[in-house]
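Below, each chain spelled out in residue letters.
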Amino acid sequence: MNALSSDASKSAIHPSASGSSLVALNRWVAEVAALTRPDAIHWCDGSDEESEALIAQMQADGTLLPLNPDTHPGSWLHRSHPDDVARVEHLTFVCTSEQDDAGPNNHWMAPAEAHAKIDALFDGCMRGRTMYVIPYCMGPIDSPLSRCGVEITDSPYVVANMRLMTRMGADALARIEREGSGQAARGGPADTFVKGLHSIGELDPERRFIMHFPEELTIKSYGSGYGGNALLGKKCHALRIASYQARSEGWLAEHMLIVGIENPQGETHYVAAAFPSACGKTNLAMLIPPEGYRRDGWKVWTVGDDICWMRPGADGRLYAINPEAGYFGVAPGTSAKSNPNALETIRKDTIFTNVGLTADNQPWWEGLDNGQQPVTDWRGNPYDPAKGPAAHPNARFTVSAKQCPSWSPMAEDPQGVPISAIVFGGRRASLVPLVFEARDWTHGVLVGAAMGSETTAAATGAVGVMRRDPMAMKPFCGYNFADYFGHWLSFDTPGAKLPKIFHVNWFRKGDDGRFLWPGFGDNLRVLEWMIGRVRGEAGGVETPIGTLPAAGDLKLDGIALSEEAEARLFGFEQAGWKAEFDSIGEYLDGYGSRMPQALKAEQQRIAGLLAD
Ligand code: OXD
Ligand code: MN
């Protein structure tokens, strides 16, 4: 029986008993149905008709509320359960056979115990609900770098989001069937795809787990409808499972944006940058050049805003794809100043989650700064500033990447884009200068491993607390960080033409607590310096922590920096860095003997220089 109610939906969404020619897939779907006991099963084909029917159903039951059709055509508001608004790192587990393989960076549970615990929650949980089977492909459908998965969920909101965030439906299923039967013909297992099982359960924080079984290419997520916990293609597959797979297959799955910077000569350099959640990856990926740069012919091309899969090409360079097809961006703070391209992207066909509303039903969030005022908060109550912000600090928009004015057609290139520079960065109010360059790959890996940042609202827990977030992968690496750093180091082989590695900090503050760097579009000035370094043209000053630009090495025309700002953004503070390197040493030691010697040696080399 079908759980859908509207007439429109009846014709397009129909229960189907067996949806695939791949026996292994049908068998798994049948096993899940036997456990969860849904009233109906729907295999998603990704068609417009299917999407319209689902949306009609969600409008009818209040899951989606229509926004102002004149200002935001085709757009919807979803209000989540108020206790289900962010990733839950304390409930997220990596379940490898050996605890050490998950490492001190992950919560671990033995696979048998984890399956038993979560399967008990899944038992009968889809009674009265429809079970959706979503075949999806992470990356361009015809790319050898892409990987496929199937998510089973009882949430139509998840289906609608997966349709925007992944290549979902018939084409993905065809690839899964092709790969599965090909592998079976070679005598291997036919389930080459990642199996993701999700239920919103009761949305009870006490009955919530996000479990990963990387050795089985399996994810089980129960009790949350929030993006990072529920859209299993994203953090669970494209980062945790993929990072594990990438290690054995010789590639990298990273929490990085990918942006193309085209100079006035028409040469485009692609940069991959890792910043922790809610630290401006989307803004940097969609940057609009300052006016002088625009006049001179600089252009910025968005390939991805959150995840990057990279592997060495035949020429020794690293080639990257964005495995995602959409953006799941943080709404608060997005404005005509911080990210005009994002505002343009979300003018239509967008799902907003947990934003406030204006009197004429437009989405609203803190920092939107468009002269309008909210009347309803994210919980659906009349807005009262005394009771908190109108939008939840982790309110999100979900939208197709192709709607972005700076969207790069190279995002569809099956070979990916060659990476000229890798950038690491965090939110650091003190010590860390605007930018520095690592002297070589090993030093660059240490720079990434030592990354620290203040926590944000993207995960539950305290905000603004400084923690080590190596390569912005603390919540997302599917295996022991010590092995992960070793894997990064292993790319430095004879013949490799690796990107240069940099570190940036847009968030340095002055004594008055205000940011010292204007950020946003002006960050292109820093990217220009990096490209100059890649081309061997830009100047810099060598210090124990790497090469820093002198203020004069960056084009700073049109921005007025105070003396304090210049000193802190371009300065090197020996005593502070000495303490920082002692703390980095302690951090690396926390991983015991598994930590690669080469990384410890690099930390000690620099600590030695700082002691002088
Ligand atoms: C995200 C995150 O949603 O990092 O991208 O939390
Ligand atoms: Mn992210």
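- Identification of the protein chain as Phosphoenolpyruvate carboxykinase [GTP] from Marilutibacter chinensis is taken from an unreviewed UniProt entry.
- In its Function (unreviewed entry) section, the UniProt record describing the protein chain reads: "Catalyzes the conversion of oxaloacetate (OAA) to phosphoenolpyruvate (PEP), the rate-limiting step in the metabolic pathway that produces glucose from lactate and other precursors derived from the citric acid cycle."

## Some remarks on the overall build of the protein chain
- A tally of regular secondary structure across the protein chain gives 18 helices and 30 strands.
- Judged by the C-alpha coordinates and their principal axes, the protein chain covers about 75 × 60 × 45 Å.
- Scored against the burial criterion, the 612 residues of the protein chain give a buried share of 60%.
- Long-range pairs, those at least 24 residues apart, make up 72% of the contacts in the protein chain between residues at least 6 apart in sequence.

## A look at the pairing of strand 13 (residues 256-262)
- Where burial is concerned, most of strand 13 is hidden: seven out of the seven residues are buried.
- The two faces of strand 13 match: Met256, Ile258, Gly260 and Glu262 on one face and Leu257, Val259 and Ile261 on the other face are all buried.
- Strand direction decides the pairing type here: strand 13 and strand 14 (residues 268-274), joined by seven bridges, are antiparallel. Residue pairing for strand 14: Met256 is matched across the bridge by Ala274.
- Counting the residues between successive antiparallel strands, the hairpin from strand 13 to strand 14 contains five residues, one of them, Gly266, with a positive phi of roughly 85°.
- Two elements, strand 13 and strand 15 (residues 299-304), share five bridges in a ladder whose sense is antiparallel. Looking at the pairing, Glu262 lines up with Lys299 of strand 15.

## Description of the site of ligand 1
- The environment of ligand 1 is made up of Arg87, Lys234, Lys235, His255, Ser277, Asp306, Phe328, Arg396, Ala458 and Phe476.
- Within the side chain of Arg396, one N or O atom sits 3.0 Å away from an oxygen atom of ligand 1.
- Bound to the protein, ligand 1 loses 96% of the 210 Å² it would expose on its own.
- The cavity that encloses ligand 1 is the largest pocket.
- Grouping the constituent residues of the shell around ligand 1 by class yields three nonpolar, two polar and five charged.

## Concerning the coordination of the manganese ion (ligand 2)
- Looking at the manganese ion (ligand 2), one finds its protein donor set to be Lys235 (NZ), His255 (NE2) and Asp306 (OD), positioned 2.2 Å from the metal centre.
- Considered as a linear motif, the donors of the manganese ion (ligand 2) on their single chain read K-x19-H-x50-D. Linking Lys235 in helix 9 (residues 233-249) with Asp306 in the loop between strand 15 and strand 16 (308-312), this pair joins segments that are 71 residues apart in sequence.
- On the basis of relative accessible area, Lys235 is assigned to the buried category, the value being 5%.

## Overview of the sheet that holds strand 22 (residues 374-376)
- Reading across the sheet, the three strands line up as 21-20-22 and stay open at both edges, with antiparallel pairing between neighbours. Across the chains shown, the open sheet's two edge strands, defined by having one partner strand only, are strand 21 (363-364) and strand 22.

## What about the side chain of Lys281?
- Tracing the chain through its elements places Lys281 in helix 10 (residues 281-285).
- Excluding its chain neighbours within four sequence positions, the residues that come into contact with Lys281 are His255, Met256, Leu257, Ala273, Phe275, Pro276, Asp305 and Asp306.

## With respect to empty space enclosed by the protein
- Across all of its chains, the model carries three cavities of 30 Å³ or more by this definition.
- Computed from the structure, the largest cavity encloses a volume of approximately 140 Å³.
- Broken down by secondary-structure element, the contributors of at least two residues to the lining of the largest cavity are helix 13 (441-449) and helix 17 (574-589).
- Per element, the largest residue contribution to the lining of the largest cavity is four residues, and it comes from helix 17.
- Class assignment for the residues of the lining of the largest cavity results in 10 nonpolar, three polar and three charged.

## Section: the layout of surface pockets
- Here the largest pocket defines a volume of roughly 940 Å³.
- In terms of lining, the largest pocket is formed by 46 residues, of which the most central are Ala278, Cys279, Gly280, Asn283 and Arg427.
- Within the residue set of the lining of the largest pocket, elements represented by two or more residues are helix 9, helix 10, strand 18 (326-330) and strand 23 (396-400).
- Per-element tally for the lining of the largest pocket: the top contributor is helix 10, with four residues.

## Digging into the packing of aromatic side chains
- One pass over the structure, following the stated rule, counts 20 aromatic pairs.
- Ring geometry for Phe275 against Trp506: centres 6.3 Å apart, planes inclined by 75°, an arrangement best described as edge-to-face. Placement of Phe275 in the loop between strand 14 and helix 10 and of Trp506 in the loop between strand 28 (500-504) and helix 15 (523-534) is noted, with a sequence separation of 231 residues between them. Each member of the pair, Phe275 as well as Trp506, carries the same accessibility label: buried.
- Clustering of aromatic rings is evident, with ring pairs tying together Tyr479, Phe481, Tyr484, Phe485, Tyr587 and Tyr591.
- It is Lys235 that lies over the ring of Phe476; its NZ or CZ is 4.3 Å from the centre.

## Looking at helix 13
- Most of helix 13 sits inside the fold, with nine of its nine residues counted as buried.
- Among the residues making up helix 13, those that are buried are Trp441, Thr442, His443, Gly444, Val445, Leu446, Val447, Gly448 and Ala449.
- With a side-chain oxygen positioned 3.4 Å from the backbone nitrogen of Thr442, the residue opening helix 13 is Asp440.

## A short note on the environment of Val300
- Mapped onto the secondary structure, Val300 falls in strand 15.
- Sequence separation between Val300 and Thr268 is 32 residues; the distance between their C-alpha atoms is 8.8 Å.
- Excluding anything up to four places from it in sequence, Val300 contacts Val259, Gly260, Ile261, Ala285, Leu287, Pro289 and Ser406.

## Description of helix 18 (residues 597-611)
- Along its 15 residues, helix 18 runs 21 Å from first to last C-alpha, staying within 8% of the 21 Å computed at 1.5 Å per residue.
- Where helix 18 is concerned, the buried positions are Leu599, Lys600, Glu602, Gln603, Ile606 and Leu610. Projected onto a plane normal to the axis of helix 18, the buried residues spread over an arc of 160° and lie on a single side. Residues of helix 18 that are exposed and angled more than 90 degrees away from the buried face: Gln597 and Ala611.
- Residues of helix 18 that are buried sit in contact with helix 13, helix 14 (481-489) and helix 17.

## A few points about the UniProt feature "domain: Phosphoenolpyruvate carboxykinase GTP-utilising N-terminal" (unreviewed entry) in the protein chain
- As annotated by UniProt and renumbered to match this structure, "domain: Phosphoenolpyruvate carboxykinase GTP-utilising N-terminal" (unreviewed entry) occupies residues 27-247.
- Taken as a whole, residues 27-247 contains 38% helix and 22% strand, while its terminal C-alpha atoms sit 29 Å from one another.

## Digging into the nonpolar core
- In this structure, Ile422, Phe424 and Trp488 are the most contacted members of the largest nonpolar core, which totals 115 residues.
- With seven residues, helix 6 (residues 156-165) is the single largest residue contributor to this core.
- One finds Leu257, Val259, Leu524 and Ile531 within the second-largest nonpolar core, a separate group that totals 38 residues.

## Notes on the pattern of salt bridges
- By the definition in use, this model includes 39 salt bridges.
- Across the salt bridge formed by Asp119 and Lys220, the nearest N and O atoms sit 2.9 Å from each other. Remark: Lys220 occurs in strand 11 (residues 218-222) and Asp119 occurs in helix 5 (residues 111-122); sequence separation between them is 101 residues.
- Judged by relative accessible area, which is 11%, Lys220 ranks as buried.
- Arg439 is the partner of Asp440 in a salt bridge, and the nearest nitrogen-oxygen pair spans 3.9 Å.
- Take Arg439: its relative accessible area is 54%, and that puts it in the exposed class.
- The network of salt bridges with common partners includes Asp100, Asp101, Arg247, Asp483 and Arg594.

Parameters at a glance
- Residues numbered from 1 in each chain as written.
- Chains lettered and ligands numbered in written order.
- Predicted model: local features only at pLDDT ≥ 70, side-chain atom pairs only at ≥ 80, totals over all residues.
- Heavy atoms only, no water.
- UniProt positions renumbered as here; feature names shortened; annotations may be inferred.
- Helix = DSSP H or I, 4+ residues; strand = E, 2+ residues; numbered from the N terminus.
- Buried < 20%, exposed > 50% of the residue type's maximum accessible area, 1.4 Å probe, protein only.
- Contact = heavy atoms within 4.5 Å.
- Pairing = 2+ DSSP bridges.
- Near = heavy atom within 4 Å.
- Polar contact = N/O pair within 3.5 Å; in protein donor to acceptor, adjacent residues only side chain to side chain.
- Areas by Shrake-Rupley, 256 points an atom, 1.4 Å probe, with all protein chains shown as cover.
- 1 Å grid on protein atoms, 1.4 Å probe; cavity = no way out; pocket = protein on both sides within 12 Å on 5 of 7 lines; lining within 4 Å.
- Sits in = over half its atoms within 2 Å of the grid points.
- Nonpolar A, V, L, I, M, F, W, Y, C, P; charged D, E, K, R; others polar.
- Donors = N, O, S within 2.8 Å, 3.2 Å for Na, K, Ca; no water.
- Points joined across faces, edges and corners; volume = space filled by probe spheres on them.
- Phe/Tyr/Trp six-rings, centres within 6.5 Å; stacked < 30°, edge-to-face > 60°.
- Lys NZ or Arg CZ within 6 Å of the ring centre and 35° of its normal.
- Expected span 1.5 Å × (residues − 1).
- Arc of directions from axis to C-beta.
- Core = buried A, V, L, I, M, F, W, Y, C linked by side-chain atoms within 4.5 Å.
- Salt bridge = Lys/Arg side-chain N within 4 Å of Asp/Glu carboxyl O.

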